[in-house]
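# Structure at a glance
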Amino acid sequence: MSEFIDKEYDVVVCGAGPAGLMAACTYGRLTGGAGRVLLLDKKEPWKEPIFCAEAVSTGRLNALWPISKEWVRGGISGIYFTSPKGYRAEFYSKDCGSLLDRSRFHHALADGCAAANVECHFDTPVTKLSREGDSWVVQVVCGGESRTVRTKVVVDATGPGCRLTRNIDCLKGIESGDTDLEPAIFAVAEGIEHSREHIELFFGSEFPNGYGWIFPRDGVEVNIGFVLGKDHDTPVPLRQKLLDFISQRYPGAKVKAIYGGMIACGQSRRPLAMHGLFKAGDAASCVNPISRSGIVESILCGKIVAESVVEWLACGSDADRVRVESSVLDRWMKAQGRAHLQIANAKRSFGKISDAQFDRAAEKLSRIPQGHASLWRIFFTVLSACPSLIWKMRSFLR
Ligand SMILES: Cc1cc2nc3c(=O)[nH]c(=O)nc-3n(C[C@H](O)[C@H](O)[C@H](O)COP(=O)(O)OP(=O)(O)OC[C@H]3O[C@@H](n4cnc5c(N)ncnc54)[C@H](O)[C@@H]3O)c2cc1C
């Protein structure tokens, strides 16, 4: 980290989560370290705790950022699907996914940024963005002092909520990012019997439009929690609901800490860039609407945004810049967004599955011998256990 060396930048990236780190690093690499790029975060991006269950698809992450054992807690070779009555079906695949140590992963991405000549300032909140002529003015607090920097491009990678870019007149019409905020809460706990190679998912009316989970951490601790649909209506506060879930199923468990956060799931068709402001990651609502995975999605989105920013800065006219801006949504849609729109349709049907249907399907699946439950077999077993699902899922199958 260095002092501010220049008050004029080509690009200021606000937020150093996966989206911002990847956007800054990709931009730095694409410009051979010659671009003037500043990366800001209100905290140190690897400071614990990071509110996340830390599971990713190994193959998809590896294609974007080579996986290193330095920041992986372990591999997952199976998923247990548990129904409301406790029937447990197993999906086995040698390479189901990886559990990250996100703090270390962020550190690795930040090292990549430093190597690509990105100027990084952490513990530096951005307090305000405003438009002046053809530039953005970015107000920050650095070492307790208020500073102002100017830039041609801003990347908003500040996560769910988009507080920074709300209420800016020239950005009316851009993706607001706050349409589908879903609450998620988890505990780091010990004393919960689990398999180190499996994640366990819980479905049913206990988690309306969402699901519960247990993700292993180090063989002793687990991450146990749940996410609920945005219109959830629970009679007890989420923290109490989590403690009840844990104590009813795992009476001997010891809860060490509880964390919560919001997940931005609503894929929209609004633009992702306007007037030199680009959105990436959760700020662009690029989370998978059903699995709620957002780490790889944010990295992919950060990469797409950085590539677009390089093109935008090379444009010779406003018309070309507008063309690049409107292409960002198209690029995202092609890479992931279209699939997310379909998944969002399936999610509506998924939310209508009754507990009895989950139980019937899971009971049938639990009879398939270990290692024989392919995703297709699971799919067709579920459909045969609950024929009405075919009707409910017609929008997804179309
Ligand atoms: C409980 C929970 C569990 C999850 N589990 C998983 C999982 O298992 N797998 C998965 O793939 N995804 C998971 N997700 C989703 C995943 O965490 C997010 O999709 C991902 O972190 C989004 O990355 P991002 O870079 O867009 O935003 P963030 O990771 O939220 O990063 C935004 C950054 O911006 C900074 N910031 C915010 N405001 C300002 C400001 N004004 N000035 C400067 N900096 C600012 C923040 O400090 C933060 O570092 C989970 C989410 C939650 C809440």
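Please refer to the structure placed before this passage.
Read on for an overview of the structure. (Residues numbered from 1 in each chain as written. Predicted model: local features only at pLDDT ≥ 70, side-chain atom pairs only at ≥ 80, totals over all residues. Heavy atoms only, no water.)

### Re empty space enclosed by the protein
Summed over the entire model, instances satisfying the criterion amount to two cavities of 30 Å³ or more. The volume enclosed by the largest cavity comes to roughly 50 Å³. Tyr80, Arg88, Glu193, His194, Ser195, His198, Ile199, Glu200 and Ile214 together form the lining of the largest cavity. No other element matches strand S11 (residues 198-202), which puts three residues into the lining of the largest cavity. Grouping the constituent residues of the lining of the largest cavity by class yields three nonpolar, three polar and three charged. Lining the second largest cavity are Val11, Val13, Ala23, Ala24, Tyr27, Val155, Val305, Ala306 and Val309. (1 Å grid on protein atoms, 1.4 Å probe; cavity = no way out; pocket = protein on both sides within 12 Å on 5 of 7 lines; lining within 4 Å. Points joined across faces, edges and corners; volume = space filled by probe spheres on them. Helix = DSSP H or I, 4+ residues; strand = E, 2+ residues; numbered from the N terminus. Nonpolar A, V, L, I, M, F, W, Y, C, P; charged D, E, K, R; others polar.)

### Considerations on helix H5 (residues 295-314)
Taking 1.5 Å of rise per residue, the 20 residues of H5 would be expected to cover 28 Å, and the 29 Å separating its terminal C-alpha atoms lies within 8% of that figure. Counting buried positions over the 20 residues of H5 gives 14, a clear majority of the element. (Expected span 1.5 Å × (residues − 1). Buried < 20%, exposed > 50% of the residue type's maximum accessible area, 1.4 Å probe, protein only.)

### Here's the deal with the site of the ligand
Surveying the vicinity of the ligand reveals 34 residues, the closest of which are Asp41, Ala55, Arg102, Asp282 and Gly294. In this structure, Pro18 approaches the ligand through a main-chain N or O atom, which is 3.1 Å from an oxygen atom. A distance of 2.7 Å separates an oxygen atom of the ligand from a polar side-chain atom of Asp41. Contact with the protein chains removes 89% of the 1000 Å² of surface that the ligand exposes when unbound. Broken down by secondary-structure element, the contributors of at least two residues to the shell around the ligand are helix H1 (18-30), strand S10 (181-190), strand S14 (254-264) and H5. No other element matches S14, which puts three residues into the shell around the ligand. The class makeup of the residues in the shell around the ligand is 18 nonpolar, nine polar and seven charged. (Near = heavy atom within 4 Å. Polar contact = N/O pair within 3.5 Å; in protein donor to acceptor, adjacent residues only side chain to side chain. Areas by Shrake-Rupley, 256 points an atom, 1.4 Å probe, with all protein chains shown as cover.)

### Observations regarding the pattern of salt bridges
This structure, assessed with the given rule, holds 20 salt bridges. Residue Asp10 pairs with Arg36 through a salt bridge whose shortest N-O separation is 3.1 Å. Taken together, the positions of Asp10 in strand S1 (residues 8-14) and Arg36 in the loop between H1 and strand S2 (37-40) put the pair 26 residues apart, joining distant regions of the chain. On the basis of relative accessibility, which here comes to 12%, the residue Asp10 falls in the buried class. (Salt bridge = Lys/Arg side-chain N within 4 Å of Asp/Glu carboxyl O.)

### Quick notes on the layout of surface pockets
There is about 380 Å³ of room inside the second largest pocket. Lining the second largest pocket are 16 residues; nearest its centre among them are Asp180, Lys230, Ala344, Lys347 and Arg348. For the lining of the second largest pocket, the element with the most residues is helix H6 (residues 318-350), which contributes five residues. Here the lining of the second largest pocket is built from residues that sort into four nonpolar, six polar and six charged.

### A look at the environment of Met274
With respect to the helices and strands, Met274 occurs in strand S15 (residues 273-274). A relative accessible area of 19% places Met274 in the buried class. Here the alpha-carbon distance between Met274 and Lys172, two residues 102 residues apart in the chain, equals 9.3 Å. Discounting residues that sit within four places of it in the chain, Met274 has contacts with Cys170, Leu171, Lys172, Gly173, Ile174 and Glu325. (Contact = heavy atoms within 4.5 Å.)

### Considerations on the sheet that holds strand S5 (residues 88-100)
Taken in spatial order, the eight strands make up an open sheet running S3-S5-S4-S11-S12-S13-S10-S14, and their pairing is mixed. On the outer flanks of this sheet lie strand S3 (55-56) and S14, each paired with one strand and no other. Of the strand pairs in this sheet, strand S4 (residues 72-82) and S11 are connected by five bridges, and their pairing is parallel. Paired with Tyr80 across the two strands is Glu200, which belongs to S11. Sitting on the sheet, helix H4 (residues 238-249) is in contact with S4, S10, S11, strand S13 (222-227) and S14, with an inclination near 125° to S13. (Pairing = 2+ DSSP bridges. Axes fitted to C-alpha atoms, helices over the stretch in contact; angles between N-to-C directions.)

### Notes on the packing of H1 against helix H3 (residues 102-115)
Relative orientation of the contacting elements H1 and H3 amounts to 20°, with a least axis distance of 8 Å. Overall, the two elements H1 and H3 adopt an arrangement that is roughly parallel. H1 and H3 meet at a crossing whose hand is left-handed. Contact residues: Pro18, Leu21, Ala24 and Cys25 in H1; Arg102, His106, Leu109, Ala110, Gly112 and Cys113 in H3. Class assignment of the residues belonging to the contact of H1 with H3 gives a composition of seven nonpolar, two polar and one charged. (Parallel < 35°, antiparallel > 145°, perpendicular 65-115°, else oblique. Left-handed = near helix turned anticlockwise from the far one by under 90°.)

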